[in-house]
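The lines below spell out each chain.
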Amino acid sequence: METNTEIKRKRIFSGVQPSGVLTIGNYLGAIKNWVTLQDDYECIYCVVDMHAITVRQTPADLRRRTLEGLALYIACGIDPQKSTMFVQSHVPAHAELSWVLSCNTMFGELSRMTQFKDKSQKHADNINAGLFTYPVLMAADILLYQTDVVPVGIDQKQHIEIARDIAERFNGVYGDTFVIPEPYISKTGMKITSLTDPTKKMSKSDPNPNSYIQIIETRDETIKKVKRAVTDSGSEVKFEEGKDGICNLMNIYSAFTGKSYDDIEKEFEGKGYGDFKLAVGETCADKLQPVRDEFARLSADKAYLEGIMKEGADRAAYLARKTLSKVYRKVGFYAKPQ
Ligand code: AQP
């Protein structure tokens, strides 16, 4: 039974693709916010495996990373007592709603999506229809749960906007059906860039492992990667134009410590990039250590993780079915006789 407080709380939905080991980009841009939000909102967090296959995946790796993804959510602080966690492919309503929404989404609007353009370039040998309709599936993920707020990194803002457009169009044609979702983007974590090319987003599927910091790599690896991070030829730790690499490291340091850019500039006044990079690497590793320890502990308990996965899928399926039935009724599908 839902209590009154549960009914009143606004709902959050978000997810990460198990397309690689999660990075500090995923952590600072999304998951860290998820943890904070779970006290004030009803939260639903998904491992979006169906999105991951828009790019070719090795099946055994995808399967392993899906369970790891769930373990990481918990290790990062998502509490199964407070939030629902599940795997997207366990709730068929995502694919079902996606089809209906596809029929209410314009080719032209999907053609404007920058992620599609970027990923088509990166995967020129596999520009599949799923890559193109990815935002429709994402709209289905969000709209199925009558989501109020979607915490994401800035790179996903355009996809939230199209989800809103699709929902508004559907509501306009068929009458009030979907809640119109709002994006929630934190300031510091909104775009963590690659350590090897700070003009690009840090991505878990980047072929160069030095470009990202994984939430669950070793302390030494993290420190080494930050030491090697590409920076300009100057030596002053300052947040200013033309210093993309240093700005990114300041952003990461600020997100982990809560210090402002001014504070960071003062802290490293008169010190070189070497000292700063060491501090950033050590801070990342220190802050992530409890997550890494908890992940190792959880990974040894598959039965527990599968229990959470199943319970989460059952709850999500119940909520999703309510919206899907409404949608099917609205578009005129004949109800299956009982
Ligand atoms: N570099 C980033 N900075 C801030 N936020 C980020 N996010 C991802 N990278 C950064 C946020 O993490 C959430 C989950 O992302 P996703 O896995 O669904 O897709 P993505 O944005 O395509 O992430 P990746 O790591 O770049 O995956 P691949 O390499 O598979 O494409 C989102 O909220 C996203 O904003």
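Just above, that's the structure.
Quick caveat, the model's predicted, so the values are computed rather than measured.

**Let's talk about the nonpolar core**
Part 1 of the argument: Among the nonpolar cores identified, the biggest contains 56 residues, and Ile24, Tyr45, Tyr73, Ile252 and Phe276 are the most heavily contacted of them.
Part 2 of the argument: Examining the composition of this core, we find that nine residues originate from one element, helix H13 (residues 273-299), more than from any other.
Part 3 of the argument: Not counting residues within four places of it along the chain, the set of residues in contact with Ile252 comprises Ile24, Leu28, Ile192, Val280 and Cys284.
Part 4 of the argument: Counting residues in each nonpolar core, the second largest holds 39 residues, with Leu110, Met138, Ala163 and Phe170 among its members.

**Brief notes about helix H2 (residues 24-37)**
Because each turn of an α-helix spans 3.6 residues, side chains separated by three or four positions in sequence point in the same direction.
Part 1 of the argument: With 14 residues, H2 should reach 20 Å at 1.5 Å per residue; the first-to-last C-alpha distance of 18 Å fits that figure.
Part 2 of the argument: Its maximal kink placed at Ala30, H2 deviates by approximately 35°.
Part 3 of the argument: Burial within H2 is extensive, with 11 of its 14 residues counted as buried.
Part 4 of the argument: When we look at burial in H2, the residues that qualify are Ile24, Gly25, Asn26, Tyr27, Leu28, Gly29, Ala30, Ile31, Asn33, Trp34 and Leu37.

**A few points about the packing of aromatic side chains**
The geometry of an aromatic ring pair is captured by two quantities: the separation of the ring centres and the angle between the planes.
Part 1 of the argument: Inspection of the entire model under this criterion finds 14 aromatic pairs.
Part 2 of the argument: Considering the side-chain rings of Phe239 and Tyr261, the 4.0 Å spacing of their centres and the 10° angle between planes classify their relative orientation as stacked. Linking Phe239 in the loop between helix H10 (219-228) and helix H11 (244-257) with Tyr261 in helix H12 (residues 261-267), this pair joins segments that are 22 residues apart in sequence.
Part 3 of the argument: Judged by its relative accessible area of 36%, Phe239 is partly exposed.
Part 4 of the argument: Judged by relative accessible area, which is 26%, Tyr261 ranks as partly exposed.
Part 5 of the argument: Site record: aromatic cluster; members linked through ring pairs are Phe13, Phe86 and Tyr145.

**Things to note about the pattern of salt bridges**
Part 1 of the argument: Tallied over the full model, the rule gives 18 salt bridges.
Part 2 of the argument: The shortest N-O distance in the salt bridge between Lys200 and Asp206 comes to 3.9 Å.
Part 3 of the argument: Look at Lys200 and you get partly exposed, because its relative accessible area is 40%.
Part 4 of the argument: One salt-bridge network, in which partners are shared between bridges, spans Arg11, Glu42 and Arg315.

**Describing the site of the ligand**
Part 1 of the argument: Residues in close proximity to the ligand total 23 residues, the closest being Ser19, Lys119, Asp155, Lys204 and Ser205.
Part 2 of the argument: Gln17 has a polar backbone atom sitting 3.1 Å from an oxygen atom of the ligand.
Part 3 of the argument: The separation between an oxygen atom of the ligand and a polar side-chain atom of Gln156 is 3.3 Å.
Part 4 of the argument: Starting from 630 Å² of accessible surface for the ligand in isolation, the protein chains cover 98%.
Part 5 of the argument: Here the shell around the ligand takes four residues from H2, the largest share from any one element.
Part 6 of the argument: Among the residues making up the shell around the ligand, the classes are represented as six nonpolar, 12 polar and five charged.

Parameters and conventions
- Residues numbered from 1 in each chain as written.
- Predicted model: local features only at pLDDT ≥ 70, side-chain atom pairs only at ≥ 80, totals over all residues.
- Heavy atoms only, no water.
- Core = buried A, V, L, I, M, F, W, Y, C linked by side-chain atoms within 4.5 Å.
- Buried < 20%, exposed > 50% of the residue type's maximum accessible area, 1.4 Å probe, protein only.
- Helix = DSSP H or I, 4+ residues; strand = E, 2+ residues; numbered from the N terminus.
- Contact = heavy atoms within 4.5 Å.
- Expected span 1.5 Å × (residues − 1).
- Bend = angle between axes of the 7 residues up to and from the residue.
- Phe/Tyr/Trp six-rings, centres within 6.5 Å; stacked < 30°, edge-to-face > 60°.
- Salt bridge = Lys/Arg side-chain N within 4 Å of Asp/Glu carboxyl O.
- Near = heavy atom within 4 Å.
- Polar contact = N/O pair within 3.5 Å; in protein donor to acceptor, adjacent residues only side chain to side chain.
- Areas by Shrake-Rupley, 256 points an atom, 1.4 Å probe, with all protein chains shown as cover.
- Nonpolar A, V, L, I, M, F, W, Y, C, P; charged D, E, K, R; others polar.

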